[in-house]
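Chain residues, written in single-letter form:
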Amino acid sequence: MEYRSLGRTGVQLSPLCLGAMMFGPWGNNDVADSIRIIHRALDSGINFVDTADVYSGGASEEIMGQALVGRREDVFLATKFFMPMNEDDPNQRGGSRRWIIREVENSLRRLNTDYIDLYQVHRPSPDTDVEETLGALTDLVRQGKVRYIGSSSYSGSQIVEAQWASRERNLERFVTEQPPYSILTRGIEEDVLPTVQRHGMGTLTYSPLAGGWLSGRWRKDSASTPTSSARPSARFDMAKPANQRKLDIVEELAQLAGQSGLTLIELAIAFVINHPGVTAAIVGPRTMEQLESYLPAADIKLTTDVLDRIDQLVAPGVTVNPDDNSYGAHELTPKARRR
């Protein structure tokens, strides 16, 4: 497996990152099986894993901590904070200094480690000054509890604002951005990816299979349901014209993959990591079979003809169903637009 530079950090990472959202009650609640999947990923050459405090209420981090016993130094370990960890307490969430300083200790304990390689803000917050968040994260880096910091699901303007605040206030800067990206969800190509590249950041994309749409689970002749309740239902409502359009595109992509000697899954993941602005695609298997189906994509180079055909099916910068654009501060919601 060829490794890639994480922005300008000098760190070398595999083009596939093992996402851990499905380890725990949200997906695979068999701890031993989840650990076997993690070990198989590491043995295959993947040296990068990503989880979050909120995944299965902390269980994902705990499983990852068990799996990395004796292998911690071989792995670039990323986790995230921000989402509610207690629905009844409004302060157990967000990007405030108060919560960050508290929650990093919880993640360190669950992960069974004394440092986190990459600590990421899971979502931007319109209610919290970015300098508040960056200041707390800077302290964690200086304390040695965190090596690098990153953002997730930020818009282009939010990325620029954070970079500016870091320079202006002499704070640690975000060295990565984690946006959604797939053949069906190409919105970041217009602004986020170019912005990240200009600032020398790494890009760690999630949902390369578009939440399962590009795995073959959703076809015209086989209706399916999301494997995790964490996925927004609007993305799978077949009454929506945009989702019907996705079904048509998936049929065309399946034919293209077959003509290219690939599976649909291999085509989808290879498309993501073939973009020069992408450092790694986060793949989140629930089973060993799923992991094995993802691994070959790391070594696939798509031809110009294949990429051109994909562009014909989904134009660059276009997201087929806007409900899949899970990034930014949701400036276009009715509440934000109307008096």
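Going along each chain's sequence as written, the residues are numbered from 1 onward. Totals for whole chains, interfaces and linings use all residues, but because this is a predicted model, local features are given only for residues with pLDDT of at least 70 and pairs of side-chain atoms are given and counted only at 80 or more. In computing side-chain properties, one takes all heavy atoms of the structure into account and sets aside hydrogens as well as water.

**Some words on the overall build of the chain**
Piece 1. Think of it this way: any DSSP run of H or I at least four residues long counts as a helix, any run of E at least two long counts as a strand, and we number them from the N terminus. Of the regular secondary structure elements, the chain holds 11 helices and 10 strands.
Piece 2. As a reference, a globule follows 2.2 Å times the number of residues to the power 0.38, and the radius of gyration itself is taken over C-alpha atoms. Its C-alpha radius of gyration of 19 Å places the chain within 12% of the 20 Å reference for a compact globule of 339 residues.
Piece 3. Reported as C-alpha extents along the three principal axes, the dimensions of the chain are approximately 55 × 55 × 40 Å.
Piece 4. Partly exposed residues are those whose accessible area sits between 20% and 50% of the maximum for their type, while under 20% is buried and over 50% is exposed, using a 1.4 Å probe and protein chains only. For the chain, buried positions account for 55% of its 339 residues.
Piece 5. Accessible area for the chain stands at about 14500 Å²; split by element, carbon and sulfur atoms hold 46% of it.
Piece 6. Only four residue types enter the tally: Lys and Arg on the positive side, Asp and Glu on the negative side; His and the chain ends are excluded. We put the charge of a Lys on NZ, of an Arg on CZ, of an Asp on CG and of a Glu on CD. Put simply, the chain has 37 plus and 44 minus side-chain charges, and the middle of one group is 3 Å from the middle of the other. We get accessible surface area from the Shrake-Rupley algorithm with a probe of 1.4 Å; when it comes to residues, only the shown protein chains can shield them.

**With respect to the side chain of glutamine 120**
Piece 1. Topologically, glutamine 120 is positioned in strand S6 (residues 116–121).
Piece 2. With relative accessibility at 0%, the residue glutamine 120 sits in the buried group.
Piece 3. Reaching out from glutamine 120, the side chain makes a polar contact with the side chain of aspartate 50 at a distance of 2.9 Å.
Piece 4. Throughout this description, a polar contact denotes any pair of N or O atoms lying within 3.5 Å of each other; where both atoms belong to protein, one of them has to be capable of donating a hydrogen while the other can accept it, and for residues adjacent in sequence the pair is counted only when both atoms sit in side chains. In this structure the side chain of glutamine 120 is engaged in a polar contact, spanning 2.7 Å, whose partner is the side chain of glutamine 178.

**What to know about the packing of helix H4 (residues 130–143) against helix H5 (residues 156–169)**
Piece 1. Axis definition: a line fitted to C-alpha atoms, limited for helices to the stretch in contact. Angles are taken between N-to-C directions and run from 0 to 180 degrees. Put simply, H4 and H5 touch, their axes get as near as 10 Å, and they point 60° apart. Between H4 and H5, the angle is such that the two are oblique. H5 is crossed by H4, and the crossing has right-handed handedness. Each of Val130, Glu131 and Leu134 in H4 lies in contact with H5, whose residues at this interface are Glu161, Ala162, Trp164, Ala165, Ser166 and Arg169.
Piece 2. Gly falls in the polar group here, along with every residue not listed as nonpolar (Ala, Val, Leu, Ile, Met, Phe, Trp, Tyr, Cys, Pro) or charged (Asp, Glu, Lys, Arg). By residue class, the composition of the contact of H4 with H5 is five nonpolar, one polar and three charged. Put simply, angles under 35 degrees are roughly parallel, angles over 145 are roughly antiparallel, angles from 65 to 115 are roughly perpendicular, and the rest are oblique. Note: crossing handedness is left-handed where the near helix turns anticlockwise from the far helix by less than a right angle, and right-handed where it turns clockwise. For this analysis, residues touch if any pair of their heavy atoms sits within 4.5 Å.

**Some words on the pattern of salt bridges**
Piece 1. Here, a salt bridge means any side-chain nitrogen of Lys or Arg that lies within 4 Å of a carboxyl oxygen of Asp or Glu. This model, assessed by the stated rule, comprises 15 salt bridges.
Piece 2. Between arginine 186 and aspartate 311 there is a salt bridge, with its nearest N and O atoms 2.9 Å apart. Taken together, the positions of arginine 186 in the loop between strand S8 (174–178) and helix H6 (192–198) and aspartate 311 in helix H10 (residues 304–313) put the pair 125 residues apart, joining distant regions of the chain.
Piece 3. Judged by relative accessible area, which is 27%, aspartate 311 ranks as partly exposed.
Piece 4. Across the salt bridge formed by lysine 246 and aspartate 324, the nearest N and O atoms sit 2.9 Å from each other. Residue lysine 246 is found in helix H7 (residues 241–259), and its partner aspartate 324 is found in the loop between H10 and helix H11 (334–337); the two are separated by 78 residues along the sequence.
Piece 5. Aspartate 324 gets classed as buried once you look at its relative accessible area, which sits at 2%.

**A few points about the environment of isoleucine 37**
Piece 1. Position of isoleucine 37 among the secondary structure elements: in helix H1 (residues 31–43).
Piece 2. Residue isoleucine 37 is classed as buried on the basis of its relative accessible area, which comes to 0%.
Piece 3. If we skip the residues at most four places from it in the chain, isoleucine 37 touches Phe23, Asn28, Pro285, Arg286, Thr287, Met288 and Leu291.

**Regarding H10**
Piece 1. Every buried residue of H10 is accounted for by Val306, Ile310 and Leu313. Across the axial projection of H10, the buried residues extend over an arc of 60°, all falling on one side. Away from its buried face by more than 90 degrees, H10 exposes Thr304, Asp305 and Gln312.
Piece 2. Tucked inside the fold, the buried residues of H10 contact H7 and helix H8 (264–273). The arc under discussion is defined with respect to the helix axis, by the directions toward the C-beta atoms.

**Some points on empty space enclosed by the protein**
Piece 1. Grid points spaced at 1 Å and placed over the protein atoms alone form the basis of the search, with a cavity being a set where a 1.4 Å probe fits but cannot get out and a pocket an open set showing protein on both sides within 12 Å along at least five of seven lines. Lining residues have an atom within 4 Å of a point. Grid points are joined across faces, edges and corners, and a volume is the space filled by probe spheres set on the points. Tallied over the full model, the rule gives one cavity of 30 Å³ or more.
Piece 2. Lining the largest cavity are Pro180, Tyr181, Ser182, Thr185, Tyr206, Ser207, Ala210, Arg235, Asp324 and Ser326.
Piece 3. Of the residues in the lining of the largest cavity, the class split is four nonpolar, four polar and two charged.

**Structural notes on unusual backbone geometry**
Piece 1. With a phi angle near 55°, serine 207 is a residue other than glycine that sits in the positive phi range.
Piece 2. Within the element layout of this structure, serine 207 appears in the loop between strand S9 (202–205) and H7.
Piece 3. Here serine 207 falls in the buried class, since its relative accessible area comes to 19%.
Piece 4. At alanine 210, a position not held by glycine, the phi torsion is positive, near 55°.
Piece 5. Take alanine 210: it is sitting in the loop between S9 and H7.

**Some remarks on H5**
Residues separated by three or four positions in an α-helix point in the same direction, a consequence of the helix having 3.6 residues per turn.
Piece 1. Taking 1.5 Å of rise per residue, the 14 residues of H5 would be expected to cover 20 Å, and the 20 Å separating its terminal C-alpha atoms lies within 8% of that figure.
Piece 2. Residues of H5 that are buried include every one of Gly156, Gln158, Ile159, Ala162, Gln163, Ala165 and Ser166, and no others.
Piece 3. On its buried face, H5 is in contact with H4, S8 and H6.
Piece 4. Positive phi shows up at asparagine 170, right after H5, with a value of about 55°. A helix is expected to span 1.5 Å for every residue after the first.

**As for the pairing of S8**
Piece 1. The element S8 is extensively covered by neighbouring structure, given that five of its five residues are classed as buried.
Piece 2. By the bridge criterion, four bridges tie strand S7 (residues 146–152) to S8 in an arrangement that is parallel. Its bridge partner being in S8, serine 151 is matched across the sheet by glutamate 177.
Piece 3. Read as a crossover between parallel neighbours, the route from S8 over H6 to S9 is right-handed. When DSSP finds at least two bridges between two strands, those strands are taken to pair. A crossover gets the label right-handed when its path from the first strand over the helix to the second runs clockwise, viewed with the strands pointing away from the viewer.

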